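# Notes for the structure review
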Amino acid sequence: MPSFFSPLPVFTSAILLRTTLLFYGLWQDAHSPLKYTDIDYNVFTSAASLITHHASPYDRATYRYTPLLAWLLVPTTFTGTWSLWWFSFGKVLFATGDIVAGWLIVLVLTRHRGMAMGRALRFASIWLLNPMVATISTRGSSEGLLGVLVVALLWAVMGKRIVTAGFLLGLGVHFKIYPFIYATSVVWWLDDDVVEEGGKEKGKGDGEGSGVFGTLWRFCNGARVKLAVISLLTFMGLNGLMSSIYGWPFLQHTYLHHVTRIDHRHNFSPYNTLLYLSSSSTSTPGSSSPSSSSPSSSLHLESLAFIPQLFLSAFALPLMLAKKDLPSTMLAQTFAFVTFNKVCTSQYFLWYMVFLPFYLPTSSLLAHPKLGLSAAALWIATQGLWLQQAFQLEFLGLSTFVPGLWVSSLLFFLTNAWLLGVIVSDIGSTSTSSPVSESMSKSKPKVLVK
């Protein structure tokens, strides 16, 4: 009897799961006061409608994304007999992104990690057959598109497609800021395993000089320069285009807003309560201007959250781990970025879940089942405790900010910090003498610089 874990059964099941949820969502939206469709999807489609009327997507309050997203969703505004189905176009697009990301995961596991197809599909199913992933995309969250972009970036880098990788990195950062953290790990990974056109290896022995200048010269190999130039041109080109069309609102809402945002609803972060207090004290009663009652009114503790967040995700972790295992390092980076972010919602969990199939095969969480089960139980339990406190606050009208919501946020944060420590320890303990590491080292491609 053929195994379930072959391409046709796995991908058919993944598509059927999302199709079922899409139809269920239509039914729930039509018959229940509690809508299946995410509120963000209504924001996306409203922005798309404004574009069709030659207006700015930023005329829609709370649209904080690149205009590219609204452009992609223009079909949701089509009217006529099939208008209901056209309205779901974006959900289908996001769900399709899930499937494509899953296929790219399989390609990386089989072609660059040396894994058999059946085993690769088992680990890819963590993404493809995950109800949480499928639900978030079919509700209308655009995270599925981010999943495609970041896994495609990994696929391109490991497949020595430097031009493609540069384009994907620039596009990803334009689409959503956080993929910029991968630039450090990718650049660090692209060390002196470079082959010039014609077959001559450019490595440590070419004698471009010694000392600091020689080190810098060798560091700036063709792959790194090409990646930097193409990604920067892509990012700046897209930003220049959008700025020329939509002006300052594009920069304000797409980028600058995320520096000063004080979202506190549905936020698992320990900064949740601080953000709530900040949002309630930004203006005084009867005044539309920000309060200036104290000299430090514009400086809040949560404004410093980016310091440990960026230090870990964009510098420390890439430099320590990227050369040992690039895919798992990208998981660690994303996990740290989400854990230490001042805004942490369920949708953000997908940012690191897409990397789990690369890390888990050689992780201590699978090697030691008790550890893995304990980690999963703690992650679910502390998240459930937070949700229970949030339910009492939002639906029962009970003030659970302190101590309930704050304590549960801290417990969830500490659980994630411990899990991050496990992940970092696993990657850091990778030894060049282990069979897995030797296989990965042998399979690491030489990057062609043309």
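Parameters at a glance
- Residues numbered from 1 in each chain as written.
- Predicted model: local features only at pLDDT ≥ 70, side-chain atom pairs only at ≥ 80, totals over all residues.
- Heavy atoms only, no water.
- Helix = DSSP H or I, 4+ residues; strand = E, 2+ residues; numbered from the N terminus.
- Expected span 1.5 Å × (residues − 1).
- Buried < 20%, exposed > 50% of the residue type's maximum accessible area, 1.4 Å probe, protein only.
- Phe/Tyr/Trp six-rings, centres within 6.5 Å; stacked < 30°, edge-to-face > 60°.
- Lys NZ or Arg CZ within 6 Å of the ring centre and 35° of its normal.
- Patch = residues over 30% accessible without salt bridge, like charges linked within 9 Å, V, L, I, M, F, W, Y side chains within 5 Å.
- Areas by Shrake-Rupley, 256 points an atom, 1.4 Å probe, with all protein chains shown as cover.
- Salt bridge = Lys/Arg side-chain N within 4 Å of Asp/Glu carboxyl O.
- pLDDT = per-residue confidence, 0-100.
- Contact = heavy atoms within 4.5 Å.
- Arc of directions from axis to C-beta.

## Here's the deal with helix 9 (residues 162-175)
The end-to-end C-alpha distance of helix 9 is 20 Å, a good match for the 20 Å that 14 residues give at a rise of 1.5 Å each. Among the residues making up helix 9, those that are buried are Ile162, Ala165, Gly166, Leu168, Leu169, Gly170, Leu171, Gly172, Val173, His174 and Phe175.

## Overview of the packing of aromatic side chains
The final tally for this structure, using the stated rule, is 33 aromatic pairs. Considering the side-chain rings of Phe268 and Phe412, the 5.3 Å spacing of their centres and the 45° angle between planes classify their relative orientation as tilted. Of the two residues, Phe268 sits in the loop between helix 13 (248-260) and helix 14 (272-280) while Phe412 sits in helix 21 (residues 401-428), which places them 144 residues apart along the sequence. Per residue, the accessibility class of Phe268 equals that of Phe412, and both read buried. Counting every residue linked through ring pairs, the aromatic cluster contains Tyr41, Phe44, Tyr58, Tyr63, Tyr65, Phe87, Phe94 and Tyr246. A cation over an aromatic ring shows up here: Lys91 above the ring of Tyr41, its NZ or CZ 5.4 Å from the ring centre. Stacked on the ring of Trp188, the Lys or Arg Lys323 has its end atom at 4.1 Å from the ring centre.

## Quick look at a nonpolar patch on the surface
Taken together, the side chains of Phe23, Phe78, Trp82, Leu84, Trp85 and Trp86 define a hydrophobic patch exposed on the protein surface, amounting to about 680 Å² of accessible area. By residue number, the principal contributor to the nonpolar patch is helix 4 (residues 83-87), which donates three residues. Counting through the fold element by element, Trp86 comes out in helix 4. On the basis of relative accessibility, which here comes to 34%, the residue Trp86 falls in the partly exposed class.

## Thoughts on the confidence of the model for the protein chain
The predicted model of the protein chain has a mean per-residue pLDDT of 85, with 83% of residues at 70 or higher. Note that pLDDT drops below 50 for residues 283-299; the model gives that stretch 11 contacts with residues more than four away or on any other chain. pLDDT under 50 marks residues 432-450. Its contacts with residues more than four places away, or in other chains, come to 37 contacts.

## Details of unusual backbone geometry
Here the amide bond leading from Val402 into Pro403 is cis, since omega sits at 5°, within 30 degrees of zero. By the element assignment, Pro403 lies in helix 21. The phi dihedral of His54 falls on the positive side, at around 60°, and the residue is not glycine. His54 sits in the exposed class, given a relative accessible area of 78%. In this structure, Lys160 is a non-glycine residue whose phi angle is positive, near 55°. With respect to the helices and strands, Lys160 occurs in the loop between helix 8 (143-158) and helix 9.

## Let's talk about helix 10 (residues 182-189)
What helix 10 keeps buried is the set Tyr182, Ser185, Val186 and Trp189. On an axial view of helix 10, the arc spanned by its buried residues comes to 95°, and they lie on one face. Packing partners of the buried residues in helix 10 comprise helix 8, helix 12 (222-246), helix 15 (306-321), helix 16 (326-339) and helix 17 (349-353).

## What about the environment of Ser142?
Positionally, Ser142 belongs in the loop between helix 7 (131-138) and helix 8. Residues Ser142 and Gln347 lie 205 residues apart in sequence; the distance between their C-alpha atoms is 9.1 Å. For Ser142, the residues in contact, after removing those within four places along its chain, are Phe44, Leu69 and Phe94.

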